[in-house]
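An overview of the molecular structure
Residues per chain, in single letters:
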Amino acid sequence: MQRGWVTCRSHQRSQAQMKQEISGVIIPESTYGDAVTFYGRLYEKVVRALYENNYYGILELLTKENEEAANLPKVMLDGKVDGLIFVGQLAENYIKRMVQQTELPVFFLDTYMPFVELDTVISDGYYGTYQLTNYLLEQGHRNIAFVGNVDATSSIADRYWGYRRSLRENQIEFKAEWEISDRDENGKSFDKILFDPKGIEAYVCNNDYAAHILIRNLEETGYRVPEDVSVVGFDNFLPTGMDEHRITTYEVDMERMAGVCVKSLIKKIKHKKYGGGIQIVTGKLIKKQTVKER
């Protein structure tokens, strides 16, 4: 009888401990998709990092309505978690609300806002596209366009300004027609990005999916990649069957980003010294088959 009572108490303690080792992972519904999307894969890395640190992750998909209204996550209101990780680009008001709430420790992953103090882990989009653009210039290209809606997300803006810095340092005058959007104001990607190449020799795309669409557009127009035009992407991530082994790109280290974010959040939960503010995780240039020397 005594043994059963001890076992029951032990089970209660383990249940209480498990509750203390749960983190909420919040991702905008519009960007999550599933495991074949970038954020779906990043979520998998976060869950694995949590598990390796003896934590459990509860996923909550953030609806557009809750994001616009800056409503607190349900897992937070239910008292189920001890910390929150927000993954991906979020509305400015929503980010401010989550930073200002003091109920739970919060960390962001792959997002930040200028002039808003928050703890976040991001990839090095600025240096990544700077490096990609330099590589194209080294291959003899001069008329180099950028593909991406610069106003859509902070990460695309970083990548754009890395591209612009490379042009400026190499004394290449930027032209307005070299900035090409890949999505509408609601963030929905275009099926057709390119209508007239206008003498452009190479394209720096804000992600590999935009590069994939662009290559398809170019080839439909009669251009060959890389024989006629060079194209580079960003992320080193595409679902199987979508040029994933073809596009020269800058690889985002998703595993390290997730690990840094999770370990920092746990330290924050436990009131230990952690890396606050913006933590930047570098990646690397991956040379594949879509760039040719001119």
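Just so it is clear, the structure is predicted and the values come from calculations on it, not from any experiment.

1. Concerning the layout of surface pockets
Put simply, the largest pocket is a space of about 1400 Å³. Residue lining of the largest pocket: 49 residues in total, with Thr 31, Tyr 39, Thr 153, Arg 183 and Gly 187 positioned closest to the centre. Contributing elements (two or more residues each) for the lining of the largest pocket: α2 (29–32), α3 (38–52), α4 (64–68), α8 (154–169) and α9 (208–221).

2. Remarks on the packing of α3 against helix α10 (residues 254–269)
Pairs of packed helices are described in terms of their axes, by the angle between the two and the distance that separates them. Interhelical geometry of α3 versus α10 gives an angle of 50° and a closest axis separation of 8 Å. Comparing their axes, α10 and α3 come out oblique. Helix-helix and strand crossings are classified by hand; for α3 and α10 the assignment is right-handed. Contacts between α3 and α10 involve Phe 38, Arg 41, Leu 42, Lys 45, Val 46, Ala 49 and Leu 50 from the first element and Met 254, Glu 255, Ala 258, Gly 259 and Val 262 from the second. Among the residues forming the contact of α3 with α10, the class breakdown is eight nonpolar, one polar and three charged.

3. Some points on the pattern of salt bridges
Scanning the entire structure with this criterion turns up 11 salt bridges. A salt bridge links Asp 228 to Arg 224; its shortest N-O distance comes to 3.1 Å. Residue classification places Asp 228 among the partly exposed residues on the basis of a relative accessible area of 31%. Residue class for Arg 224 comes out partly exposed when judged on its relative accessible area of 47%. A salt bridge links Arg 246 to Asp 243; the nearest nitrogen and oxygen atoms lie 3.7 Å apart. Residues Arg 246 and Asp 243 agree in their burial class; the two are buried. The structure contains a network of salt bridges with shared partners spanning Lys 74, Asp 78 and Lys 80.

About the criteria used
- Residues numbered from 1 in each chain as written.
- Predicted model: local features only at pLDDT ≥ 70, side-chain atom pairs only at ≥ 80, totals over all residues.
- Heavy atoms only, no water.
- 1 Å grid on protein atoms, 1.4 Å probe; cavity = no way out; pocket = protein on both sides within 12 Å on 5 of 7 lines; lining within 4 Å.
- Points joined across faces, edges and corners; volume = space filled by probe spheres on them.
- Helix = DSSP H or I, 4+ residues; strand = E, 2+ residues; numbered from the N terminus.
- Axes fitted to C-alpha atoms, helices over the stretch in contact; angles between N-to-C directions.
- Parallel < 35°, antiparallel > 145°, perpendicular 65-115°, else oblique.
- Left-handed = near helix turned anticlockwise from the far one by under 90°.
- Contact = heavy atoms within 4.5 Å.
- Nonpolar A, V, L, I, M, F, W, Y, C, P; charged D, E, K, R; others polar.
- Salt bridge = Lys/Arg side-chain N within 4 Å of Asp/Glu carboxyl O.
- Buried < 20%, exposed > 50% of the residue type's maximum accessible area, 1.4 Å probe, protein only.

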